[in-house]
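Coordinates in review
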Amino acid sequence: MTTIFFILLTNWHQHLALTATEVVQRANDNMRGETSQSELIIRTVRPTWQREMTVKTWMKGEKYAIVLIKSPAKEKGVVFLKREKEVWNWVPALERSIKLPPSMMTQSWMGTDFTNDDLVKESSIVEDYIHSFAGDTTINGRECYTINMVPKPEAAIVWGKLTLNIDKKDFLELHTKFYDEDGELINIMNAYEIKTMGGRLIPTHIEMIPADKPNQKTVLIYSSVTYNEPIPDTFFTLQQMKKLN
Amino acid sequence: MNWMLLIKVLLTLTYTTATYAQDTTVQRLKYSGYIKNLQSLNYAENFTHLTTGNLIHNRANLKWQPSGSIIAVMEFRNRLFWGEEVALTPGFASQLRNANEAADLSLNWINEEQMVLNTTIDRLYLLYDKVRWNVRVGRQRINWGIGTIWNPNDLFNTFNFLDFDYEERPGVDALRLQYFTGLMNHIELAISVGDESHEMISAAKYFINFANYDLQLIGGWFQRQPTMGVGWSGIIRESGFKGEVQYYFPRKDFQELINVSAEIDHVFENGWYVNIGGFFNSRGIKEPADLSTIATLEFSPKNLMPTKWNSIVGFTKEITPLFTGNTTIIYSPGSHLVMLLPTLSYNLSENLDFNLVWQSFFNKQDTGFDDMAHRIFIRIKWSF
């Protein structure tokens, strides 16, 4: 009994002692892990149409990432490889790898409401921002911290400010607002359908809604996630990128 | 034809393995491809005379992986050409075969005055793949190019950049060996069997990734002429910076030649993708060229553009996620040749795409810039 109380107490103390940066760090670790592999559907919704794309991703820390497109047929086999600050795109039909200019990273990824950076996480929500608490809120019955993040001056980030709402118990990023440098709201992110996947409790639906176009959105729907299965560094190479088809 | 038998065998395998693949996780045989319809309108000067053509084009890609280290690939295109263009082009069917492929894997099923049906196998190779090295033998694409339009380093491929409808590009009958010296470094050796004149190309490439730059060094023989090249792809601030240089040494029967291409690309915050580049061909023409010089041009790795100095600027904008517009303008000072190449692409449904491609050619005459020809292409593509 005393042990349980001790654990509860220390946990409570830990929570109290958490800084805003540590909360963001834990939420980030929750979704990422040392390595992660996932399969997901990317659904782009517009007032008159919608399209779906299925992709497979491999990530290792914040340095390495690979995204493989599995459908639609036209883009099947297209791969994006990220190694530190460099990103390549492999187009199997052309048998060619194209290095992407850094300015492309902040642009929409294949017509979705996500940027290239959102997908391959060039910038780090932990390292590249300054974090501060901005109150508490409740989202879908879950108690959340509200945290403001502003980019560090040296970080190459398009946003002026981000407001995150992170679940206090399970450290899940449930709602985020993205503001531009003039303080105007640009994007809203919602995360829901919380399920256990890959041994972790995570939101399996993540949607991005442009603030000025409330009737359009892009939803990421995770169908499987595996965390912390070792992936060798040799996997994140141009050589491997060509073998994924 | 022996290779027709091969297709039958492979198709039978597709059927049996596809059934088998349902209850195994390893998909041993994969297939993909598309069917396209291309309507072309060719106008002479001042839109005075119109020639039309139509092409129904099917491509099938088959890939068989019997084990982890062996992959067999066959890709072929079936094309049905019909209309005025076929009737008005003398020897139309005989021009369909790609001259730099040693073995004849092209067959005309129908060769009528107004209609030609052709099948061409443009990939047919075996790949043996180990962790640090691999070897590929057969008809394949050896792509050493880095830039968008002009690729001086691309020694093994002959193509016409105006042929937008052939994204895959022709293959070459060759042997290629790759050895990986590090995570991002490799050596590549390739030898292509000669074309009809039995002139082979043999070259080596060393590729290294260093300080955010992809760098490649190339040396070898292009037919009987020694050649050396260098290519790079890197970053200047937020923009991409790519280039290729290829030098051909003078020999008794061959003249010295240098081809240089360089380009910068950038995506602006409003979503415009802009690409600016240049190309220099030391043996290119500097004087105003007439249409016949351009139209009868034989593209080759040594002759990527008939004119000496060339500049290109391209703009691409995603108007909606389904609708993309692009305009490329090529200007060759000296010869005063201008090519205006706008395109529009629209995704009609998940696997159905519509393209409108326009190609206009102008050159400067004594009286000013004159249009030489206009080509309009309307394409529907269904991918599977």
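Per-chain numbering applies: the sequence of each chain, read as written, is numbered from 1 onward. Labels are handed out in written order, letters beginning with A for the chains and numbers beginning with 1 for the ligands. The predicted nature of this model means local features are confined to residues of pLDDT at least 70 and side-chain atom pairs, given and counted, to a pLDDT of 80 or more, with totals for whole chains, interfaces and linings taken over all residues.

Our next topic: the overall build of chain B. If you tally the helices and strands in chain B, you get three helices and 19 strands. Two residues qualify as a contact pair if the distance between their C-beta atoms, derived from the backbone, is within 7 Å. Taking the contacts inside chain B whose residues are at least 6 apart along the sequence as the reference set, 49% of them involve residues at least 24 apart. Here a helix means four or more residues in a row that DSSP labels H or I, a strand means two or more in a row labelled E, and each is numbered from the N terminus.

Residue and element names in this part refer to chain B. By the bridge criterion, ten bridges tie strand β9 (residues 201-210) to strand β10 (residues 213-222) in an arrangement that is antiparallel. Within β10, the position partnered with Lys205 by the bridge is Ile218. The turn joining β9 and β10, which pair antiparallel and follow one another in sequence, is formed by two residues; a positive phi near 50° is taken by Ala211. Note that β10 and strand β11 (residues 225-236) share nine bridges and pair antiparallel. Following the sheet pairing, Gly219 is matched in β11 by Met228. Following β10, the chain reverses through two residues before pairing antiparallel with β11; Gln223 in that reversal takes a positive phi of roughly 55°. When DSSP finds two or more bridges between a pair of strands, those strands are recorded as paired.

Attention now moves to the interface of chain B and chain A. With 26 residues of chain B at the interface, the matching set in chain A holds 26 residues. Elements with a contribution of two residues or more to the side of chain B that touches chain A: β11, β12 (239-248) and β13 (257-267) of chain B. Among the elements that take part in the side of chain B that touches chain A, β13(B) stands out by supplying three residues, more than any other.

What a helix is expected to span follows from its residue count: subtract one and scale by 1.5 Å. Over its 13 residues, helix α2 (residues 20-32) of chain A runs 18 Å from end to end, which matches the ideal 18 Å to within 8%, given 1.5 Å per residue. Count one or two residues on from α2(A) and you reach A:Gly33, which has phi positive near 70°.

Glancing now at the environment of A:Arg32. Inspection of the secondary structure puts A:Arg32 in helix α2. Separated by 103 residues in the primary sequence, A:Arg32 and A:Gly135 place their C-alpha atoms 25 Å from one another.

Here the focus is the nonpolar core. A:Val23, A:Val24, A:Ile66, A:Val79, A:Leu81, A:Ile147 and A:Ile166 are the most contacted members of the largest nonpolar core, which totals 50 residues. No other element matches α2(A), which puts five residues into this core. Excluding residues that lie within four positions of it along the chain, A:Ile166 makes contacts with A:Val23, A:Ala27, A:Cys144, A:Tyr145, A:Ile147, A:Phe171, A:Leu172 and A:Glu173. A set of buried Ala, Val, Leu, Ile, Met, Phe, Trp, Tyr and Cys residues, joined to one another through C-beta atoms within 7 Å, is what we call a nonpolar core. Residues with at least 20 other C-beta atoms within 10 Å of their own are called buried, those with 12 or fewer are called exposed, and the rest are partly exposed. The C-beta atoms themselves are positioned from the backbone. In terms of nonpolar packing, the next biggest core, distinct from the first, is built from 13 residues, B:Trp144, B:Ala174, B:Ala203 and B:Tyr248 among them.

Cis geometry is found at the peptide bond from A:Ser71 to A:Pro72, where omega equals 5°. Within the fold, A:Pro72 resides in the loop between β3 (64-71) and β4 (79-83). With a phi angle near 60°, A:Asn228 is a residue other than glycine that sits in the positive phi range. In this structure, A:Asn228 sits in the loop between β13 (217-227) and α4 (238-241). Judged by C-beta crowding, with 14 C-beta atoms within 10 Å, A:Asn228 ranks as partly exposed. One non-glycine residue, B:Asn212, lies in positive phi territory at about 65°. By the element assignment, B:Asn212 lies in the loop between β9 and β10.

A word on the confidence of the model for chain B. Residue and element names in this part refer to chain B. A score between 0 and 100, pLDDT records how confident the predictor is in each residue. On average, residues of chain B score 87 in pLDDT, and 90% of them reach the 70 mark or higher. Between residues 1-25, whose pLDDT stays under 50, and residues either more than four places distant or in other chains, the model counts 15 contacts. Among the prediction metrics, the complex's ipTM stands at 0.86, with pTM recorded as 0.85.

A few words on the environment of B:Pro321. Tracing the sequence through the fold places B:Pro321 in the loop between β15 (309-320) and β16 (323-332). For the pair B:Pro321 and B:Ser202, spaced 119 residues apart in sequence, the C-alpha to C-alpha distance is 43 Å.

A separate point is the pairing of strand β6 (residues 96-99) of chain A. Within a regular beta strand, the side chains point alternately toward one face of the sheet and then the other, so they alternate between its two faces. Residues and elements named next belong to chain A. Where strand β5 (residues 86-91) lies against β6, four bridges are found, and the strand directions are antiparallel. By the bridge assignment for β6, Asn89 is matched with Ile98. From the end of β5 to the start of β6, which pair antiparallel, there are four residues, and Glu95 there has a positive phi angle of about 50°.

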